[in-house]
Amino acid sequence: MQKLTRQDLYDILYGCTILGTGGGGKLEKGISLIDRALEAGKEFVLADLDEIPDDALIACPYYCGSISPITPDQEAKYAALPRINEEPALRAFKILEEYKGKKFYGAISTELGGSNTAVAFYVAAMMGIYIIDADPAGRSVPELQHSTFFINKLPITPMAVANEFGDTVIVKDVVDDFRAEALVRAMAVVSKNHVGVADHLATAKELRNAVIPGAITYALKIGRAYREAKEKNLDLAKEIAKVGNGYVIFRGIIKDLKWEDKDGFTIGDTYIKGDREFYGSDYRIWFKNENIISWRDGKIDVTVPDLICMIADDTKQPVTNPNFEPGLRVSVIGLPAPKEWRTEEGLKVFGPKYFGFDIEYRPIETMF
């Protein structure tokens, strides 16, 4: 067990934002959740799965929805509805605990992202329970079935869904994770593109073989390397790539960004004009909330499940979709995916073919 300091927590969230590959929610939201819990006198305690009793109950709280900004017209549509004075993910977690009728021992994050990892941390702190040093993605992912829970056949139900207006739902049974994705996404679409969810209720024994161990510790390692490189005025991209056993795959200036909000997802393309050692080349990244696939000079470069991460060179901040403008100078980092995603089952649900690209996955380390 490890009590996390404020600096640990910030480092973790910055690491998660980098590993979030453009998604995972806004870092500012994550930081505000952490600060709110600390100001309330709450503690954040990280626990390894091997330290937890076999029968301890653990659930996964998170947010689901589009990462696109809300338009004034959309805001007006919800103006007359009431608001609850509680984070919807915390409300969903409490509802799931009430439904089960037993006290939960810990919370596990659904993915590594500046906001969604913080949600699990916040829920654990507010409930006085443990944060589990593991997760089912090792990065951010766009859909509920993009998880090692799914490829290891851990049931997603029962699940609880709540929004900021006070609507709550318990899903007792569901056909499969694809159907769960459709149901939760539909609720998000009519809830200002944002719902809190708690699902994958399981014992520690069940979780040990269904998640990526040490995921939070890895995020802490990446976040620490980022902070120390920033303090020493080192090349951030190079230092992050070194710690993550990855590569600086492109540098340049954003020349265009095209995106749309579609069916509860933010889908688009980032176009980068190369500079420095990449002068004369062009880069394109297609994202579905998260960066999914990239092309250099029209040829396929890095694809899921490997990670495509971006750092803004001038502001020295991680870049999230679609929260940037043309003219931004960036470095693109490629990191290898957790081994769990490189299996046949992992690639079936989270390889390039899943997203409609008729190409074979090539591990990033075979290309650089």
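Right above here is the structure, for reference.
Here is what the cut-offs are and how they apply
- Residues numbered from 1 in each chain as written.
- Predicted model: local features only at pLDDT ≥ 70, side-chain atom pairs only at ≥ 80, totals over all residues.
- Heavy atoms only, no water.
- Helix = DSSP H or I, 4+ residues; strand = E, 2+ residues; numbered from the N terminus.
- Rg over C-alpha atoms; globule rule 2.2 N^0.38 Å.
- Buried < 20%, exposed > 50% of the residue type's maximum accessible area, 1.4 Å probe, protein only.
- Contact = heavy atoms within 4.5 Å.
- Areas by Shrake-Rupley, 256 points an atom, 1.4 Å probe, with all protein chains shown as cover.
- Pairing = 2+ DSSP bridges.
- Axes fitted to C-alpha atoms, helices over the stretch in contact; angles between N-to-C directions.
- Nonpolar A, V, L, I, M, F, W, Y, C, P; charged D, E, K, R; others polar.
- Expected span 1.5 Å × (residues − 1).
- Salt bridge = Lys/Arg side-chain N within 4 Å of Asp/Glu carboxyl O.

S.K.: Give me the lowdown on the overall build of the chain, citing residues and values where you can.
M.R.: Helix and strand content of the chain: 11 helices and 18 strands. For 368 residues, the compact-globule formula gives about 21 Å, and the C-alpha radius of gyration of the chain, at 19 Å, lands near that figure. Its C-alpha atoms give the chain principal-axis dimensions of about 60 × 45 × 40 Å. Taken across its 368 residues, the chain has 59% of its residues classed as buried. Taking as baseline every contact in the chain between residues at least 6 positions apart, the subset at least 24 positions apart corresponds to 73%. Working note: accessible area of the chain is about 15,100 Å², and carbon and sulfur atoms make up 50% of it.

S.K.: Would you mind going over the pairing of strand 9 (residues 195-203) in detail, with residue names and values included?
M.R.: For strand 9, a buried count of 9 out of 9 residues is recorded, marking the element as mostly surrounded by other parts of the structure. In this structure, strand 3 (residues 57-64) lies alongside strand 9, joined through 7 bridges in antiparallel fashion. When the bridges of strand 9 are listed, Leu57 appears paired with Thr203. Alignment of strand 7 (residues 159-162) against strand 9, held across 3 bridges, turns out to be antiparallel. Among the inter-strand pairings, Ala162 is bridged to a residue of strand 9, identified as Gly196.

S.K.: Before we move on, could you go through the sheet that holds strand 11 (residues 247-262) and cite the residues and values that matter?
M.R.: Read across the open sheet, the 8 strands follow the order 15-14-13-12-11-18-16-17; overall the sheet is antiparallel. Strands at the two margins of the open sheet, each flanked by one partner only, are strand 15 (299-303) and strand 17 (317-318). By the bridge criterion, 10 bridges tie strand 11 to strand 12 (residues 265-274) in an arrangement that is antiparallel. Bridge pairing in strand 12 links Asp261 to Thr266.

S.K.: Could you give an account of the packing of helix 1 (residues 6-19) against helix 5 (residues 116-127), with specific residues and numbers?
M.R.: Helix 5 packs onto helix 1 with a crossing angle of 145 degrees between their chain directions and a minimal axis gap of 9 Å. Contacts from Leu9, Ile12, Leu13 and Cys16 of helix 1 reach helix 5 at Thr117, Ala118 and Phe121. Residue composition of the contact of helix 1 with helix 5, by class: 6 nonpolar, 1 polar and no charged.

S.K.: Let's hear about helix 5: which residues, and what values?
M.R.: Counted at 1.5 Å a residue, the expected span for helix 5 with its 12 residues is 16 Å, and the 17 Å between its end C-alpha atoms agrees. Counting buried residues in helix 5 gives 11 out of 12 residues, a clear majority hidden from the surface. Those residues of helix 5 not exposed but buried are Asn116, Thr117, Ala118, Val119, Ala120, Phe121, Tyr122, Val123, Ala124, Ala125 and Met127. Positioned one or two residues after helix 5, Gly128 has a phi angle of 70 degrees, which is positive.

S.K.: Which residues make up the pattern of salt bridges, and what are the values?
M.R.: For the coordinates displayed, the defined rule picks out 29 salt bridges. Put simply, Asp235 and Arg251 hold a salt bridge, and the shortest N to O gap is 2.8 Å. One end of the pair, Asp235, is in the loop between helix 9 (215-231) and helix 10 (236-243); the other, Arg251, is in strand 11, with 16 residues separating them in the sequence. On the basis of relative accessibility, which here comes to 29%, the residue Asp235 falls in the partly exposed class. Lys353 is paired through a salt bridge with Glu360; the nearest N and O atoms lie 2.6 Å apart. By relative accessible area, Lys353 is classed as partly exposed at 46%. Given a relative accessible area of 57%, Glu360 falls into the exposed group. Look at the salt bridges and you will find they share partners, linking Asp275, Arg276, Asp313 and Arg329 into a network.

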